[in-house]
Amino acid sequence: MDTEIDKSDLANSLVLPQSGRVNETDAVAERIEDAAVTDQVAARHHARHATYIYLPFIFLTVTLLGGLRFSGGDGSFIFIAPALICLVFALILLILFFRARLISIDGWFTEEFSTLKNLANGSVVLTLFAASAQIFNSLLPERGLPFWVVAFCFFWILWNNLFADFDTKKLLRSLGALFGLAFVAKYMLLANLTAPAERSWLRSLFENPAQEALTWLLDLPRFSPVTGYVQFFAVSLFFLGLFLMPSSTLNKK
Amino acid sequence: MKEKYIHFIAIVIVVTYGGIIVFLYAAEPRSIEEATSKARTTIETIATKGTVVIGTYQVDAAKFNDGLAAFRQDRFVAARDSFELADPEMRDPRTQYYVAYSYYRQGWGRISNDDQLFRRSLEILDRLKVMDPDFRSDDADLKAASPAELRKELEEGLKVTTSDLNPLRVFRERM
């Protein structure tokens, strides 16, 4: 009996500290797991905020600013609605986003989602479409020969891209180059060829006849230089939106 | 925050912000002050249309009385301005009859009438016929109490006949 008691005591004494150690390790592991889960939940929460709150806000701000110009005379607002061609370009751009997997259709619209989620996703994609249309509105010259030349270049490049193999990075790089060049052409090159609005045409004709002649020949609108700064901000904001855009809204486990 | 609330907020942001953008591009304000005043006008118009839809539309009595006072003093342009403010949706037969009558009285002349004003009066009478075919004014000051009488007077005024050359026309009375 004694030997038995001793044995069990011994066993207890051996096991107890060991099981305590096991419990401690479990608790630590559990805590680490909990922390990881909490981090994951927080990350998912942030991602949700970014997708459903920041993204629509960013894209709608781009939509607002894309058609905004400032008059060269008195600096008043001029709101220019997008031309029909801008909507066509925006549609092609969306197709490119889907093809390059920047946006995965299955990850944004599926029967597994609730109607509310599908609607919310639809509204975010709609803001992306509106922002894309307004970016083209921003970068295309307003009228005349420059409008048709730049529109043709855009169409050529986008059409060509439709049949090229793209991944997300390459597409974004290509778009950066395309929009950057268009921005330079419109807000730096053409803007410098435009005679200032505050000068009378007679004075402009004497002081800078080439500028006045080009303004008249190319039918260039006389906007305030502030327009270029606002549009630079709009284009940058558009790219920030694309950077934040998740390819899917499916919850990753 | 629950996922569904975030989805709901996203839809609200898109609808609200999108609505503001559509308004700005439709109204094309040239400054922030103009945007505010245009927004106020738009909200007032929407509110008036809302009252029409739910059937609580009413004429602004104070503005109508201002218009009536101006009408009685033969200040017809001012009267019409007040009537327009009193009945912005042009749905009140009584107000519209006064508007038509103001065009008639303004256009009436002893020697010749203003055809353009008479035609405007007829246009309003056409609209009035659709609104209330049996309308009759209870104002004793208006000699033509019904739209039919006023229409007859207007149509007579627009016609060119030999009676127009009658010198006794200068003694005729305005209705």
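Residues numbered from 1 in each chain as written. Chains lettered and ligands numbered in written order. Predicted model: local features only at pLDDT ≥ 70, side-chain atom pairs only at ≥ 80, totals over all residues.

### What about the overall build of chain A?
Thinking step 1. Counting secondary structure elements, chain A contains nine helices and two strands.
Thinking step 2. Secondary structure elements in chain A, listed N-terminal to C-terminal, are α-β-β-α-α-α-α-α-α-α-α.
Thinking step 3. A separation of at least 24 residues holds for 81% of the contacts in chain A among residues at least 6 apart in sequence. (Helix = DSSP H or I, 4+ residues; strand = E, 2+ residues; numbered from the N terminus. Contact = placed C-beta atoms within 7 Å.)

### Structural notes on the overall build of chain B
Thinking step 1. Of regular secondary structure, chain B possesses seven helices and zero strands.
Thinking step 2. Sequence-ordered secondary structure for chain B, helices as α and strands as β, is α-α-α-α-α-α-α.
Thinking step 3. Looking at the 175 residues of chain B, the share that counts as buried comes to 21%.
Thinking step 4. The contacts of chain B with a sequence gap of at least 6 include a subset with a gap of at least 24, amounting to 53%. (Buried ≥ 20, exposed ≤ 12 C-beta atoms within 10 Å, placed from the backbone.)

### Things to note about the packing of helix 4 (residues 115-139) of chain A against helix 1 (residues 3-27) of chain B
To describe two helices that pack against each other, one gives the angle between their axes and the distance between the axes.
Thinking step 1. For the pair helix 4 of chain A and helix 1 of chain B, the least separation of the axes is 9 Å and the interaxial angle reads 35 degrees. Of the two elements, helix 4 of chain A crosses helix 1 of chain B, and the hand of that crossing is left-handed. Residues Leu116(A), Lys117(A), Leu119(A), Ala120(A), Ser123(A), Val124(A), Leu126(A) and Thr127(A) of helix 4 of chain A form the contact with helix 1 of chain B, whose participating residues are Lys4(B), His7(B), Phe8(B), Ala10(B), Ile11(B) and Val14(B).
Thinking step 2. Of the residues belonging to the contact of helix 4 of chain A with helix 1 of chain B, the class tally is nine nonpolar, three polar and two charged. (Axes fitted to C-alpha atoms, helices over the stretch in contact; angles between N-to-C directions. Left-handed = near helix turned anticlockwise from the far one by under 90°. Nonpolar A, V, L, I, M, F, W, Y, C, P; charged D, E, K, R; others polar.)

### As for helix 6 (residues 115-131) of chain B
Residues and elements named next belong to chain B.
Thinking step 1. Over its 17 residues, helix 6 extends 24 Å from the first C-alpha to the last, a length consistent with the 24 Å expected when each residue adds 1.5 Å.
Thinking step 2. The complete set of buried residues in helix 6 reads Phe118, Arg120, Ser121, Ile124, Leu125 and Leu128. The arc that holds the buried residues of helix 6, viewed along the axis, is 155 degrees, so those residues lie on one side. Opposite the buried face of helix 6, at more than 90 degrees from it, the exposed residues are Gln116, Glu123, Asp126 and Val130.
Thinking step 3. Looking at the packing, one finds that the buried side of helix 6 touches helix 5 (93-107) and helix 7 (147-158). (Expected span 1.5 Å × (residues − 1). Arc of directions from axis to C-beta.)

### So, the packing of helix 5 of chain B against helix 6 of chain B
Residue and element names in this part refer to chain B.
Thinking step 1. Remark: helix 5 packs on helix 6, axes separated minimally by 8 Å, with the N-to-C direction vectors making an angle of 160 degrees. Overall, the two elements helix 5 and helix 6 adopt an arrangement that is roughly antiparallel. Both helix 5 and helix 6 take part in a crossing whose hand is left-handed. In this structure, helix 5 uses Pro93, Gln96, Tyr97, Val99, Ala100, Tyr103, Tyr104, Gln106 and Gly107 to contact helix 6, whose residues at the interface are Leu117, Phe118, Arg120, Ser121, Ile124, Leu125, Arg127, Leu128 and Met131. (Parallel < 35°, antiparallel > 145°, perpendicular 65-115°, else oblique.)

### Here's the deal with the interface of chain A and chain B
Thinking step 1. Chain A puts 22 residues into the contact, and the matching count from chain B is 19 residues.
Thinking step 2. Element by element, the count of residues in the side of chain A that touches chain B is highest for helix 1 (residues 2-66) of chain A, at nine residues.
Thinking step 3. Its residues placed into classes, the side of chain A that touches chain B shows 14 nonpolar, six polar and two charged.

### A closer look at the environment of His49(A)
Thinking step 1. Summarising the element assignment, His49(A) is placed in helix 1.
Thinking step 2. Beyond its immediate chain neighbours, meaning those up to four positions away, His49(A) contacts Tyr54(A) and Ile6(B).

### A word on the confidence of the model for chain B
Reading predicted coordinates in detail is not appropriate for stretches of low pLDDT.
Thinking step 1. For chain B, the mean per-residue pLDDT works out to 89, and 99% of the residues sit at or above 70.
Thinking step 2. Listed scores for the predicted complex are pTM 0.67 and ipTM 0.74. (pLDDT = per-residue confidence, 0-100.)

### Digging into the nonpolar core
Thinking step 1. If you look at the biggest cluster of nonpolar residues, it comprises 43 residues, and the most contacted ones within it are Phe59(A), Val62(A) and Phe136(A).
Thinking step 2. Elements with a contribution of two residues or more to this core: helix 1, helix 2 (84-99), helix 4, helix 5 (144-162), helix 6 (168-193) and helix 9 (226-244) of chain A together with helix 1 of chain B.
Thinking step 3. If you tally residues by element for this core, the top one is helix 4 of chain A, at 10 residues.
Thinking step 4. Excluding its chain neighbours within four sequence positions, the residues that come into contact with Phe59(A) are Thr127(A), Leu128(A), Ala130(A), Ala131(A) and Gly241(A).
Thinking step 5. By size, the runner-up hydrophobic cluster in this structure holds 19 residues, among which are Phe83(B), Tyr98(B), Tyr101(B) and Leu150(B). (Core = buried A, V, L, I, M, F, W, Y, C linked by C-beta atoms within 7 Å.)

### As for unusual backbone geometry
Residue and element names in this part refer to chain B.
Thinking step 1. Here the phi dihedral of Glu28 falls at roughly 45 degrees; this positive angle occurs in a residue that is not glycine.
Thinking step 2. Relative to the assigned elements, Glu28 resides in the loop between helix 1 and helix 2 (32-54).
Thinking step 3. Given 14 C-beta atoms within a 10 Å radius, Glu28 is considered partly exposed.
Thinking step 4. A positive phi is found at Met90, a non-glycine position, where the angle reads about 50 degrees.
Thinking step 5. Mapped onto the fold, Met90 is located in the loop between helix 4 (76-86) and helix 5.
Thinking step 6. Under the C-beta neighbour-count criterion, Met90 is labelled partly exposed, with 14 such atoms within 10 Å.

### Some words on the confidence of the model for chain A
Residues and elements named next belong to chain A.
Thinking step 1. For chain A, the mean per-residue pLDDT works out to 81, and 83% of the residues sit at or above 70.
Thinking step 2. For chain A, the element scoring lowest by mean pLDDT is helix 7 (residues 201-207), at 68; helix 4 scores highest, at 93.
Thinking step 3. Note on residues 1-8: pLDDT under 50 across the span, and zero contacts to partners over four residues away in sequence or across chains.

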